[in-house]
Amino acid sequence: METTNHQSVAAPAVRMGAFLSGWVDPDEKPSRYIDRLLDRVPAVREAGFSSVWVGQHLLGHPWPVLDTSVYLGRMSALIGDMDMGGVYLLPLAHPVRLAESLVSLDNISGGRFIAAPALGWRPAEFEAIGVPVTERAARFGEVLQIMRKLWYSQEPVSFEGRFYSIKDVQMTARPEREGGIPIWIGASSVPAVKRAARFGDTWLGSSHTPFVTLQELAAAYADELQVVGKTPVRRPLLRHCMVAETDKLAEERFTEAFTAYYNALGTWGIFKEVVGEQHTSGDGELPPGRAIVGSPETCLKQLSRYTELGFNEFIFQVGLPGTPEPYVRESMQLLGKEVMPRLEASFATAAV
């Protein structure tokens, strides 16, 4: 697999992004619900967020999930000077088709698109596409290699792999961002974070990974970075989040929606495939080490633990399905006005 010469642009010590989940409430008129999702984009920009993000799932149930590229394309008109990023399940994609889709997102956003390729984990998605889960790592490598060749080669591309074969394919579209499309590889296992160190611009930590596991993964990632001689400027991490004036209020606003969310993902196999059965949480309980929840002071303390692991960019999902919109907006405002400025100040002081 090839890498590019893309280098991350120097960034502030700490940044924050908003993960604007494309889950759609089936009990509402879709267009009305989607309008509310899109209306969060200017709100997070005003609150000081530097990026907006979208994930990918196929055949979402019980909540349908908006197509990632379509959602981002609509969102691109609203982002202003923010970046926008998308998580894509590479083993389920055809490399030529996805390469064109992603370079289009780069172009339509004015060079502000970040790609976050991931392996995927949900068995039903692989079965529906007809891809064996056992092939996902090898397919991931071929898709990423072909896309990079298509984006940056000045000559027609030919490739003969285990899964994909192309001959004299020429893409005339090119990324607009200087240095090309950044590749933030989503990973939640030791082999995967090592892959991210070797072939990505950085590792994007999963929102599903408990803190205790992140400690192990961060150490493995740091070791592999030393081996390959890389020092990423940006170290992003996804986290579910709810901030309110008090810990009690934040927990009350968070746990019902989060419990429903993980009950649904549990039927998809998330605890067996990703989180680990030992990290399940019962109804009405906060998840162990998988979310930032509390008052601004409490959230600041929780985030400081992650900066000790090397993370300096937090992509917060604050609006799970079923969360009342006023709670979402208040959480965004508190993150932007009270939590992150104090985290950045403490981060900068520690670096002196």
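Note that the structure is predicted; figures quoted are calculated from it, not measured. Residue numbering note: each chain is counted from 1, following its sequence as written. Local features in this predicted model are restricted to residues of pLDDT 70 or higher, and side-chain atom pairs are both shown and tallied only at a pLDDT of 80 or more, whereas totals for entire chains, interfaces and linings draw on every residue. Side-chain descriptors were evaluated using all non-hydrogen atoms of the structure, hydrogens and water having been removed beforehand.

## Digging into the layout of surface pockets
Next up, step 1: The rule is simple: put a 1 Å grid over the protein atoms alone, call a set of points where a 1.4 Å probe fits but cannot get out a cavity, call an open set with protein on both sides within 12 Å along at least five of seven lines a pocket, and count a residue as lining if it has an atom within 4 Å of a point. Grid points are joined across faces, edges and corners, and a volume is the space filled by probe spheres set on the points. Looking at the largest pocket, its volume works out to about 700 Å³.
Next up, step 2: Every residue lining the largest pocket is counted, 35 residues in all, and those nearest its centre are Val-87, Ala-118, Trp-121, Ser-206 and His-208.
Next up, step 3: Counting from the N terminus, the helices are the DSSP runs of H or I reaching at least four residues and the strands are the DSSP runs of E reaching at least two. Secondary structure elements with two or more residues in the lining of the largest pocket: β3 (83-89), α6 (136-152), β7 (184-187), α7 (190-199), β8 (202-205), β9 (236-243) and α10 (270-275).
Next up, step 4: With three residues, α7 is the largest single contributor of residues to the lining of the largest pocket.
Next up, step 5: Gly is put with the polar residues, along with every residue not named as nonpolar or charged; the nonpolar set is Ala, Val, Leu, Ile, Met, Phe, Trp, Tyr, Cys and Pro, and the charged set is Asp, Glu, Lys and Arg. Residues of the lining of the largest pocket, tallied by class, amount to 17 nonpolar, 15 polar and three charged.
Next up, step 6: Size it by volume and the second largest pocket reaches roughly 270 Å³.
Next up, step 7: Lining the second largest pocket are 13 residues, and of these Gln-56, Asp-67, Tyr-88, Ala-93 and Leu-98 lie nearest its centre.
Next up, step 8: If you list the elements that add at least two residues to the lining of the second largest pocket, you get α3 (68-75), β3 and α4 (95-108).
Next up, step 9: A total of three residues in the lining of the second largest pocket trace back to one element, the largest contributor, which is α4.
Next up, step 10: Looking at the lining of the second largest pocket, its residues break down into six nonpolar, five polar and two charged.

## Here we look at the packing of aromatic side chains
Note on aromatic pairs: each is described by the distance of the centres and the angle between the planes.
Next up, step 1: Ring pairs are drawn from Phe, Tyr and Trp, using the six-membered ring of Trp, whenever the two centres fall within 6.5 Å, and their geometry is named by plane angle: stacked under 30 degrees, edge-to-face over 60, tilted for the rest. In this structure the tally under the stated criterion is eight aromatic pairs.
Next up, step 2: Taken together through their ring pairs, the aromatic side chains of Trp-203, Tyr-221 and Phe-311 make up a single cluster.
Next up, step 3: Criterion for a charge above a ring: Arg CZ or Lys NZ at most 6 Å from the ring centre, at most 35 degrees from the ring normal. The lysine or arginine in question, Arg-195, covers the ring of Phe-140, its NZ or CZ lying 5.9 Å from the ring centre.
Next up, step 4: Above the plane of the ring of Phe-211 lies Arg-305, whose end atom (NZ or CZ) is 3.8 Å from the centre.

## Side note on unusual backbone geometry
Next up, step 1: Omega for the bond connecting His-61 with Pro-62 falls within 30 degrees of zero, at 10°, which places this linkage in the cis form.
Next up, step 2: Phi is positive for Leu-59, which is not a glycine, with a value near 55°.
Next up, step 3: Tracing the sequence through the fold places Leu-59 in the loop between β2 (51-54) and α3.
Next up, step 4: To sort residues, take the accessible area from a 1.4 Å probe on protein chains only and compare it with the maximum for the residue type: under 20% means buried, over 50% means exposed, and anything in between is partly exposed. For Leu-59, a relative accessible area of 62% corresponds to the exposed category.
Next up, step 5: Even without glycine at this site, Asp-168 takes up a positive phi of about 55°.
Next up, step 6: Take Asp-168: it is sitting in strand β6 (residues 165-169).

## Brief notes about the pattern of salt bridges
Next up, step 1: Salt bridges are identified by distance alone: a Lys or Arg side-chain nitrogen within 4 Å of an Asp or Glu carboxyl oxygen. Evaluation of the coordinates by the stated rule reveals 16 salt bridges.
Next up, step 2: Residues Glu-313 and Arg-15 are paired through a salt bridge, measuring 3.5 Å at the closest nitrogen-oxygen approach. Of this pair, Glu-313 sits in strand β11 (residues 313-317) while Arg-15 sits in strand β1 (residues 15-19), and the two are 298 residues apart along the sequence.
Next up, step 3: On the basis of relative accessibility, which here comes to 15%, the residue Arg-15 falls in the buried class.
Next up, step 4: Here Arg-253 ties to Glu-330 by a salt bridge, and the two come within 2.9 Å at their closest N and O atoms. Of this pair, Arg-253 sits in helix α9 (residues 247-268) while Glu-330 is found in helix α12 (residues 325-351), placing the two residues 77 residues apart along the sequence.
Next up, step 5: Shared partners join several salt bridges into a network, and the residues in it are Glu-28, Arg-36, Asp-39, Arg-40, Glu-325 and Arg-329.

## Some thoughts on the side chain of Ser-207
Next up, step 1: You can see Ser-207 is positioned in the loop between β8 and α8 (211-228).
Next up, step 2: Residue Ser-207 is classed as buried on the basis of its relative accessible area, which comes to 11%.
Next up, step 3: Note on definitions: a residue-residue contact is assigned when non-hydrogen atoms from the two residues lie within 4.5 Å. Excluding anything up to four places from it in sequence, Ser-207 contacts Leu-238, Arg-239, His-240, Tyr-262 and Arg-290.

## Things to note about the environment of Thr-209
Next up, step 1: Of note, Thr-209 is situated in the loop between β8 and α8.
Next up, step 2: For Thr-209, a relative accessible area of 4% puts it in the buried group.
Next up, step 3: Along the backbone, Thr-209 and Ser-188 are 21 residues apart, and their C-alpha atoms lie at a distance of 6.5 Å.
Next up, step 4: Sequence-distant contacts of Thr-209, defined by excluding residues within four places in its chain, comprise Ser-188, Leu-214, Leu-217, Arg-239, Gly-289 and Arg-290.

## Brief notes about the packing of α7 against α8
Next up, step 1: The interhelical angle for the contact between α7 and α8, taken along N-to-C directions, is 35°, at an axis separation of 8 Å. Our pair here, α7 against α8, has a crossing hand that is right-handed. Residue-level inspection shows Val-190, Val-193, Lys-194, Ala-196, Ala-197 and Arg-198 of α7 in contact with α8, the latter providing Glu-216, Leu-217, Ala-220, Tyr-221, Glu-224, Leu-225 and Val-228.
Next up, step 2: A breakdown of the residues in the contact of α7 with α8 according to their chemical character gives nine nonpolar, no polar and four charged. Axis lines are fitted to C-alpha atoms, over the contacting stretch for helices. Their N-to-C directions set the angle, which ranges from 0 to 180 degrees. Here is the rule for handedness: rotate from the far helix to the near one, and if that takes an anticlockwise turn smaller than a right angle the crossing is left-handed, while a clockwise turn gives right-handed.

## Points about the nonpolar core
Next up, step 1: For the purposes of this section, nonpolar cores are sets of buried Ala, Val, Leu, Ile, Met, Phe, Trp, Tyr and Cys residues that join through side-chain atoms within 4.5 Å. In terms of nonpolar packing, the biggest core is built from 82 residues, with Phe-49, Met-75, Trp-203, Phe-314 and Phe-316 touching the most fellow members.
Next up, step 2: In terms of nonpolar packing, the next biggest core, distinct from the first, is built from 14 residues, Val-87, Ile-114, Ala-118 and Trp-184 among them.

## Remarks on the packing of α4 against α6
Next up, step 1: It is the contact of α4 with α6, at a shortest axis distance of 9 Å, that shows an interaxial angle of 55°. The pairing of α4 with α6 is recorded here as oblique in orientation. The way α4 lies across α6 gives a crossing that is right-handed. On α6, the residues that touch Pro-95, Val-96, Leu-98, Ala-99, Leu-102 and Val-103 of α4 are Val-143, Ile-146, Met-147, Leu-150 and Trp-151.
Next up, step 2: Of the residues that constitute the contact of α4 with α6, the class distribution is eleven nonpolar, no polar and no charged. Should an angle fall under 35 degrees it is taken as roughly parallel, and over 145 as roughly antiparallel, whereas 65 to 115 is taken as roughly perpendicular and any remaining angle as oblique.

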